[in-house]
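Close look at the chain arrangement
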Amino acid sequence: MNPLLQTLAETIIDGKHLDADRITMQLLEEGLTPMTILDEGLLPGMGVVGRRFRDGEMFLPQVLVSARAMKSAMKHLDPILAASNAEPKGTILIGTVRGDVHDIGKNLVSVMLQGNGYKVIDMGIQNPAEKFLAMYEEHQPDIIGLSALLTTTMMYMKTIIELFKEKNIPVPIIIGGAPVTQKFADEIGANGYARNAVDAVDLVHAIMKR
Ligand code: B1M
């Protein structure tokens with residue numbers, strides 16, 4: 001493994017956004033793929049941040065600087081992951097749900113979908129059910145994707161799904177985010193669950209083929 005990947009993970013843990021930016025560019029110049037940089041550098045770094053935060057060894061301001069470092073690195077990877085010249089295979093409307101500001105994972109799902117030929121309309125964070133409905137009516141996407149990272153906000157996914165059911169809109173709604181499981185997806189009547197961005201692409205492919 002390229003030793004710089006470990007250094008990159010440490011820049012995320014330490015929240016050194018300038019170093020994260022520089023090392024990511026260097027690794028790309030050395031010919032590493034964006035997926036290798038993500039899987040073997042950035043995500044392990046963010047995993048450590050999550051564990052330390054959970055265990056009270058890191059606090060919110062430090063997590064924020066780690067998130068900023070992650071974004072500095074992702075800005076180099078996003079355009080490569082998203083590059084695709086083909087006609088869109090479908091349109092996906094995606095957003096983080098109301099009360100939740102986590103967007104790093106959702107952004108990753110968006111760029112992976114774009115890289116796999118989908119048009120993605122990204123609604124950003126803190127989206128109420130009514131906004132999903134209004135955006136659905138405006139853009140008529142083939143699939144809607146909901147993201148939530150908190151055990152408190154994941155419950156709101158059910159509210160969104162119920163609103164679409166109430167209005168008899170048969171658009172498939174898929175969900176994801178760290179606390180979400182297939183069991184939860186089944187319980188709230190979602191049309192699919194994906195554990196990570198790669199699985200999200202497979203899930204979208206499968207739904208589009210139906
Ligand atoms: Co917060 N946070 N956070 N946080 N944060 C978590 C989620 C937490 C698990 C940390 C912990 O305690 N270990 C914990 C939640 C506990 C719980 O609910 N069980 C937590 C908490 C408690 C909080 C606050 C409440 C803290 C506080 O204020 N006291 C607060 C809440 C704010 C709010 O939302 N209202 C908060 C705030 C923040 C920051 C703002 C500081 C920052 C977010 C910055 C940002 O996103 N712009 C932050 C961060 C960075 C994290 C951790 C450390 C990392 C999240 C991340 O980016 N992971 C996180 C701990 C952890 O998850 N390890 C934590 C990397 C990312 C690539 O993975 O987001 O899981 P992930 O996305 C994956 C999959 O989940 C999946 O694919 C993605 C790519 O593979 N996926 C989908 C995601 N969405 C999908 C949608 C799909 C399909 C797949 O289909 C549509």
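Residues numbered from 1 in each chain as written. Predicted model: local features only at pLDDT ≥ 70, side-chain atom pairs only at ≥ 80, totals over all residues. Heavy atoms only, no water.

Examined bridge by bridge, strand 1 (residues 91-96) and strand 2 (residues 119-122) share four bridges and lie parallel to one another. The partner of Ile92 across the bridge, within strand 2, is Val120. A crossover links strand 1 with its parallel partner strand 2, the connecting element being helix 5 (residues 104-115), and its sense is right-handed. (Pairing = 2+ DSSP bridges. Helix = DSSP H or I, 4+ residues; strand = E, 2+ residues; numbered from the N terminus. Right-handed = clockwise from strand over helix to strand, strands pointing away.)

Here we take up the site of the ligand. Taken together, the neighbourhood of the ligand is formed by 35 residues, with Val101, His102, Asp103, Ser147 and Thr151 sitting nearest. The contact in question runs from a nitrogen atom of the ligand to an N or O atom on the side chain of Asp103, over 2.7 Å. Within the contact set of the ligand, an oxygen atom lies 3.3 Å away from a backbone nitrogen or oxygen of Ala197. Among the elements of the structure, helix 3 (34-54), helix 4 (60-82), helix 5, strand 3 (143-147), strand 4 (173-176) and helix 9 (197-209) are those that each provide at least two residues to the shell around the ligand. (Near = heavy atom within 4 Å. Polar contact = N/O pair within 3.5 Å; in protein donor to acceptor, adjacent residues only side chain to side chain.)

Moving on, we get to the environment of Ile161. The topology assignment puts Ile161 in helix 7 (residues 156-166). Between the C-alpha atom of Ile161 and that of Asn191, which follows or precedes it by 30 residues, the distance is 9.5 Å. In this structure, Ile161 is in contact with Ile173, Ile188, Gly189 and Ala190, ignoring residues within four places of it in sequence. (Contact = heavy atoms within 4.5 Å.)

Now for the coordination of the cobalt atom of the ligand. Protein coordination of the cobalt atom of the ligand is limited to a single donor, His102 (NE2), which sits 2.2 Å from the metal. Looking at where His102 falls in the secondary structure, it is placed in the loop between strand 1 and helix 5. (Donors = N, O, S within 2.8 Å, 3.2 Å for Na, K, Ca; no water.)

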